[in-house]
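These are the residues of each chain, in order.
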Amino acid sequence: QVQLVESGGGLVQAGGSLRLSCAASGSIFSINAMGWYRQAPGKQRELVASITSGGSTNYADSVKGRFTISRDNAKNTVYLQMNSLKPEDTAVYYCNADPYTYHWGQGTQVTVSS
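Asker: Lay out the state of the cysteines in plain terms, naming residues and giving numbers.
Answerer: This model, assessed by the stated rule, comprises one disulfide. Here Cys-22 connects covalently by a disulfide to Cys-95, the sulfurs 1.7 Å from one another. Because the torsion about its S-S bond is 40°, the bridge between Cys-22 and Cys-95 counts as right-handed. A residue pair is termed long-range when its members are at least 10 positions apart, and Cys-22 in strand S3 (residues 18–24) and Cys-95 in strand S9 (residues 91–97) qualify at 73 residues.

Asker: Can you tell me about the packing of aromatic side chains, naming the residues and giving the values?
Answerer: Enumeration according to the criterion identifies three aromatic pairs in this entry. Aromatic pair Tyr-37 and Trp-104: ring centres 5.0 Å apart, planes at 85°, arrangement edge-to-face. One end of the pair, Tyr-37, is in strand S4 (residues 33–39); the other, Trp-104, is in the loop between S9 and strand S10 (108–113), and 67 residues separate them in sequence. Note on Tyr-37: relative accessible area 7%, which makes it buried. For the ring pair Tyr-94 and Trp-104, a centre distance of 5.7 Å and an interplane angle of 75° mean the geometry is edge-to-face. In this pair, Tyr-94 sits in strand S9 while Trp-104 sits in the loop between S9 and S10, placing the two residues 10 residues apart along the sequence. Tyr-94 sits in the buried class, given a relative accessible area of 11%. Taken together through their ring pairs, the aromatic side chains of Tyr-37, Tyr-94, Tyr-100 and Trp-104 make up a single cluster.

Asker: Please provide a residue-by-residue account of the side chain of Asp-89, values included.
Answerer: Considering the arrangement of structural elements, one finds Asp-89 in the loop between strand S8 (77–82) and S9. Given a relative accessible area of 0%, Asp-89 falls into the buried group. Those residues within four positions of Asp-89 in sequence are excluded, and the remaining contacts are Arg-38, Arg-66, Phe-67, Ser-84, Val-110 and Val-112.

Asker: Run through the sheet that holds strand S1 (residues 4–7), naming residues and quoting values.
Answerer: Taken together, four strands build an open sheet; the order of strands is S1-S3-S8-S7 and the sheet is antiparallel. Only two strands of the sheet have a single neighbouring strand rather than two, namely S1 and strand S7 (67–72). Strand-to-strand twist in this sheet, taken as the mean axis angle between neighbours without regard to direction, amounts to 15°. When S7 meets S8, the two strands line up antiparallel, connected through six bridges. Looking at S8, one finds that Phe-67 is bridged to Met-82.

Asker: Summarise the sheet that holds strand S5 (residues 46–52); cite the residues concerned and give the values.
Answerer: Adjacent strands of a sheet form backbone hydrogen bonds with each other and so pair up, either parallel or antiparallel. Pairing within the open sheet is mixed, and its six strands lie in the order S2-S10-S9-S4-S5-S6. Of all the strands in the sheet, the pair left with one neighbour each is strand S2 (10–13) and strand S6 (57–59). This sheet shows a mean twist of 20° between the axes of neighbouring strands, independent of strand direction. Here six bridges tie S4 to S5, and the two strands are oriented antiparallel to one another. Along S5, the bridge assignment pairs Trp-36 with Ala-49.

About the criteria used
Residues numbered from 1 in each chain as written. Predicted model: local features only at pLDDT ≥ 70, side-chain atom pairs only at ≥ 80, totals over all residues. Heavy atoms only, no water. Disulfide = S-S within 2.5 Å. Helix = DSSP H or I, 4+ residues; strand = E, 2+ residues; numbered from the N terminus. Phe/Tyr/Trp six-rings, centres within 6.5 Å; stacked < 30°, edge-to-face > 60°. Buried < 20%, exposed > 50% of the residue type's maximum accessible area, 1.4 Å probe, protein only. Contact = heavy atoms within 4.5 Å. Pairing = 2+ DSSP bridges. Axes fitted to C-alpha atoms, helices over the stretch in contact; angles between N-to-C directions.

Dropping the structure here:
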């Protein structure tokens, strides 16, 4: 069973950048698609970016052009580079397979101030 640990969140001003990391305890090499999800207070968890084992990516319209997902199978790690952050990006960010398969990690809090 893969366990996921997210890190890299923090408090940043609007327009700033953060890079999130997701370390998997097991190999993600065989997992076709990995995704970053987020959940804002009072809202449902949503998928914001995903990447296949071949490197194909997909983004929610709300983050397209600002976020970049990448993966390093050798390091069992998935990344999310977030640029031009907006207050509406404030949420707890999680990684998981796409569609989600594993137990959710603790997530990492991203807070964007205006």
